Amino acid sequence: MDAVLAAVLAVVPGTTVAQLQGLMWQDDGAAVLRLTIAGALLVGFGYVLMLRRAPDRRAALRRANLRALPLLGLPLLGLLLDPEVATTRGGLVLASVLAWGVMAGASVLQGRVRAPRRAHRAELLGVVAAALLVGGWLARLALIRHASMQTNTYDFGLFVNAIWNTSQGRPFVCSLVPTGSVLDEHVSLALLPFAVLMKAGLPPSGFLVLQAIWISLGAVPLYLLARRHIGASGGRVFALAYLLHPSVHVNALWDFHPMSFAAPLLIALVLYGERRRLQVGFVASAAGLLMLREEFAFVLVAFSMTLALRGQTRRAAGLAVGAIAFLVVLNVSMGHTSSHLARYADVAERGGGGIVGMMLATMFEPAFVLGYALTYAKVVYVSIQAAGVLGMAVLVRRAWPMLALAAAFSMLASSRAVYNPFFHYTTMLYPLALAWAPLGLSRLAALRWSSVPLALRRRALITAVGMASIGLSLTYGGLHGNDVFRAGFRAPRREISKSALERLDWLKAQLAAIPADVPIAVTGRVGPHAATRTRVYAYPAEHDVEALVVFQGDLRKEDKVALRAAVSQGEWAVAASSGSLAVYRRPSP
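Residues numbered from 1 in each chain as written. Predicted model: local features only at pLDDT ≥ 70, side-chain atom pairs only at ≥ 80, totals over all residues. Heavy atoms only, no water.

Asks: Please give an account of the pattern of salt bridges that cites residues and values.
Replies: Pairing between side chains of opposite charge can happen when the charged atoms of each approach one another. Under the criterion given, the structure shown has ten salt bridges. Here Arg310 and Glu274 are joined by a salt bridge, their closest N and O atoms 3.9 Å apart. Residue Arg310 is found in the loop between helix 15 (296–309) and helix 16 (313–333), and its partner Glu274 is found in the loop between helix 13 (262–273) and helix 14 (280–292); the two are separated by 36 residues along the sequence. Taking the shortest distance from any N to any O, the salt bridge between Glu295 and Arg293 comes out at 2.9 Å. Both residues of the pair, Glu295 and Arg293, count as buried. A single network of salt bridges, built from pairs that share partners, joins Glu274, Arg310 and Arg398. (Salt bridge = Lys/Arg side-chain N within 4 Å of Asp/Glu carboxyl O. Helix = DSSP H or I, 4+ residues; strand = E, 2+ residues; numbered from the N terminus. Buried < 20%, exposed > 50% of the residue type's maximum accessible area, 1.4 Å probe, protein only.)

As structure tokens, this is what we get:
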């Protein structure tokens, strides 16, 4: 059997290359045969090197087969790189990712036990450098996306307008929302430091750069957390798993959202919360999360349960009281209730409406709630967030309150965007799935599921995480050219064309020609470039405006009909146009 397995492993590389090149379906048997023979010779040479000095050839062949086992996963590349399979059969892709990781992990079970190597400061600096490198690449893609007019009024234009108004002494005012205040959407006190930066001269595009780099730096606390539980090699692999995670790329590229900044803070919260002594990092992480968005107060309450399960009752009580007090202050002083509660309308209405209705439905109609939550799309969504680390966070019992809340945030939603893997709502789950996984891996390795030494079991699981993360990123990640990946609604541009730059220059010139005090209405992809004005509204506007700046691709069919009718009736006249952009002004009397 060992010889048969070796023969199978030898032919896999060549046939996989033939499969990826499409030769299997082109009836080119000669080319397939040449690739198969070349691959077999290469693998055979490796076997010869491993067996030539072995006193027991049979045992050596068995060890060689185990080390070469990941070759069996090569045919899975066809699934991982197939856009149609990834978008229609996500469960099959995730099973392939899991299988690839398991095979890679099994290949190191027969290795040698090595003495653990002490982590040096240079290694931490290397993780920081890798995070900055990935963050810089994502920042480049974000700037290209913005210059190509792929950013949107909702939400980049909305936040730019609110930050700009705040920098001008009008805190949280935003003309792009119907109520005139961004606080009626979400309470994000984190906009205040961005207003200071804008006042100091940072342009809106700078927010995209800061977002990409900050999110990428989440690899650093995860490295420290993993290093504590599973050693330096585990820290490196988990830092890599973070930087390869599709949700990191999504949040760095999908416009600008304060919520996206939460990933490093959530991981840091777990890092410092695991320490017995209260540290500044813990307080800073909790305070930062509260500043980002009001939903994170519920996350902190869930984390207080985690602390209580660990015996840190005083810190748990303080954290819970602080988070609840924050929510009470929001409701009493601002009368704030998130407009996004409508995204959970189906479950809420089942219990009578509102947050109370959601709680009642969860308690008294569990069959309905479970059936609503465990749909195929939602299960695939949750699995994508955890597949890169093999879902090991669920092995940590005290993490269950946080994980349950994060999963419910998406799985109870009636809005597709909340459980779409290419939107910023992923921030509620993926940092926690990553942060708790090193402890879960440590506990799984400690179980006596094999006679293999503990160090090898741990190394096997770490290897499995590394390979699974690579597989997940190949299918859903955004670092490489990937037809599956989306930043929100669209695939991001990866290069900026000369025509796109000329279009952007034309748009800026037209906006500059409209006096700053003139009220204007803009369509979705124009909004981020026109948001630094006092009276800018989303088209079609409910306010009286004197100019329209329109990107034709943003208009629905009924909008185009209405605009043509308004032009024919003399309400609007085309003042300037270039390609898909047009500026309309009121005609002179």
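Next comes the rest of the description.
Asks: I'd like a description of the pairing of strand 3 (residues 547–551), backed by residues and values.
Replies: Of all five residues making up strand 3, five are buried, and the element is well covered by its neighbours. Judged by which residues are buried, strand 3 turns out to be covered on both faces: Ala547, Val549 and Phe551 on one side and Leu548 and Val550 on the other are all buried. Sheet topology places strand 1 (residues 520–522) next to strand 3; three bridges connect them, and they run parallel. Bridging across to strand 3, Ile520 finds its partner in Ala547. For strand 3 and strand 5 (residues 581–585), the ladder comprises five bridges, and the chain directions are antiparallel. From the neighbouring strand, Val550 faces strand 5, where its bridge partner is Ala582. (Pairing = 2+ DSSP bridges.)

Asks: I'd like a description of the packing of helix 14 against helix 15, backed by residues and values.
Replies: It is the contact of helix 14 with helix 15, at a shortest axis distance of 8 Å, that shows an interaxial angle of 150 degrees. Taken together, helix 14 and helix 15 sit at an angle that is classed as roughly antiparallel. Every residue of helix 15 that contacts helix 14 at Phe282, Ala286, Leu289, Leu290 and Leu292 is listed here: Phe296, Ala297, Leu300, Phe303 and Leu307. Taken together, the residues of the contact of helix 14 with helix 15 break down into ten nonpolar, no polar and no charged. (Axes fitted to C-alpha atoms, helices over the stretch in contact; angles between N-to-C directions. Parallel < 35°, antiparallel > 145°, perpendicular 65-115°, else oblique. Contact = heavy atoms within 4.5 Å. Nonpolar A, V, L, I, M, F, W, Y, C, P; charged D, E, K, R; others polar.)

Asks: Account for the packing of aromatic side chains, with residues named and values stated.
Replies: Evaluated as defined, the whole model comprises 16 aromatic pairs. Between Phe194 and Phe207 the ring centres are 5.4 Å apart and the planes differ by 75 degrees, which places this aromatic pair in the edge-to-face class. Residue Phe194 is found in helix 9 (residues 191–199), and its partner Phe207 is found in helix 10 (residues 204–216); the two are separated by 13 residues along the sequence. Using a relative accessible area of 11% as the deciding quantity, one classes Phe194 as buried. Judged by centre distance (5.6 Å) and plane angle (85 degrees), the ring pair of Trp254 and Phe489 falls under edge-to-face. Taken together, the residues span a long stretch of sequence, with Trp254 in the loop between helix 12 (246–253) and helix 13 and Phe489 in the loop between helix 24 (454–476) and helix 25 (498–513) at a distance of 235 residues. Above the plane of the ring of Phe368 lies Arg350, whose end atom (NZ or CZ) is 4.1 Å from the centre. (Phe/Tyr/Trp six-rings, centres within 6.5 Å; stacked < 30°, edge-to-face > 60°. Lys NZ or Arg CZ within 6 Å of the ring centre and 35° of its normal.)

Asks: Any details on the packing of helix 6 (residues 90–106) against helix 20 (residues 376–387)? Residues and values, ideally.
Replies: Close contact between helix 6 and helix 20 brings their axes to 10 Å; oriented N to C, the two are set at 25 degrees. By the criterion of interaxial angle, the relationship of helix 6 to helix 20 is roughly parallel. The crossing of helix 6 and helix 20 is left-handed. Side by side, helix 6 and helix 20 meet where Gly90, Gly91, Leu94 and Val97 of the first sit next to Tyr376, Val380, Ser383, Ile384 and Ala387 of the second. Partitioning the contact of helix 6 with helix 20 into residue classes produces six nonpolar, three polar and no charged. (Left-handed = near helix turned anticlockwise from the far one by under 90°.)

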